Amino acid sequence: MKKKWPFILIGSLLLIGILGSILVLRRPGTNLVEIVRDGRILYQLDLAQAEDQTIEVEYDGRINIIEIKNHQIHMLDAECPDHTCVNMGWLDSAVPIVCLPNHLVIQFSGDNDAMDGTVG
């Protein structure tokens, strides 16, 4: 019996980690998306009603191209060194698409009454 407790503990921690990951990565219950630069909302879109389009956002002479297609959104192209934002794919979870060099964030719109980490 003494040798079973490490396996039970490891199994429990693994299960908690998997459930926590599912809760964090699930898609929010909203279709509202914000395109934000330096904390200022540039665009707020309802993906359920948005038509297929591309949006160009300029920052310091560099351009990001955002594509909305089939009621989904992603960074199509970016003039930044690493293209991490382009490689993130379609926005489908609470994890935002971020282009740090161009100060741009694409995220699902949250509850405006709730305090977040930037409010302090």
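Residues numbered from 1 in each chain as written. Predicted model: local features only at pLDDT ≥ 70, side-chain atom pairs only at ≥ 80, totals over all residues. Heavy atoms only, no water.

### With respect to the sheet that holds strand β3 (residues 53-59)
Logical step 1: Spatial ordering of the open sheet is given by β3-β4-β5, a layout of three strands whose pairing is antiparallel. In this open sheet, the two edge strands, each paired with only one partner strand, are β3 and β5 (72-78). The sheet shows a mean angle of 25 degrees between the axes of neighbouring strands, taken without regard to direction.
Logical step 2: When β3 meets strand β4 (residues 62-69), the two strands line up antiparallel, connected through seven bridges. Bridged to E56 within β4 is I65. (Pairing = 2+ DSSP bridges. Helix = DSSP H or I, 4+ residues; strand = E, 2+ residues; numbered from the N terminus. Axes fitted to C-alpha atoms, helices over the stretch in contact; angles between N-to-C directions.)

### Side note on the nonpolar core
Logical step 1: I35, I66, I73, M75 and I106 are the most contacted members of the largest nonpolar core, which totals 20 residues.
Logical step 2: For this core, the elements supplying multiple residues, two or more each, are β1 (32-37), β3, β4, β5, β6 (97-99) and β7 (104-108).
Logical step 3: Residues within four places of I35 in sequence aside, it is in contact with R40, I41, L42, Y43, L45, I55, V57, I66, I73, L104, V105 and I106. (Core = buried A, V, L, I, M, F, W, Y, C linked by side-chain atoms within 4.5 Å. Buried < 20%, exposed > 50% of the residue type's maximum accessible area, 1.4 Å probe, protein only. Contact = heavy atoms within 4.5 Å.)

### Brief notes about the pairing of β1
Logical step 1: Counting buried positions along β1 yields five of six residues, so the element is predominantly enclosed.
Logical step 2: Of the strand pairs in this sheet, β1 and strand β2 (residues 40-46) are connected by six bridges, and their pairing is antiparallel. Considered in β2, the bridge of I35 is made with Y43.
Logical step 3: Hairpin connection of β1 to β2: two residues between the antiparallel strands, including D38 at a positive phi of 50 degrees.

### Comments concerning the confidence of the model for the protein chain
Logical step 1: In this model, the protein chain carries a mean pLDDT of 84, and residues with pLDDT of at least 70 account for 86%.
Logical step 2: Counted against residues more than four places away or in other chains, residues 111-120, with its pLDDT under 50, gives one contact. (pLDDT = per-residue confidence, 0-100.)

### A short note on a nonpolar patch on the surface
Logical step 1: Among the surface-exposed residues, L14, L15, I18, L19 and I22 lie close enough to one another that they form a single nonpolar patch of about 500 Å² accessible area.
Logical step 2: In this structure, L14 sits in helix α1 (residues 5-25).
Logical step 3: Its relative accessible area of 55% is what places L14 among the exposed residues. (Patch = residues over 30% accessible without salt bridge, like charges linked within 9 Å, V, L, I, M, F, W, Y side chains within 5 Å. Areas by Shrake-Rupley, 256 points an atom, 1.4 Å probe, with all protein chains shown as cover. Salt bridge = Lys/Arg side-chain N within 4 Å of Asp/Glu carboxyl O.)

### Comments concerning the side chain of E34
Logical step 1: Within the fold, E34 resides in strand β1.
Logical step 2: A distance of 3.2 Å separates polar atoms of two side chains, one belonging to E34 and the other to S109.
Logical step 3: Setting aside anything within four residues of it in sequence, one finds E34 in contact with I41, Y43, Q44, V105, I106, Q107 and S109. (Polar contact = N/O pair within 3.5 Å; in protein donor to acceptor, adjacent residues only side chain to side chain.)

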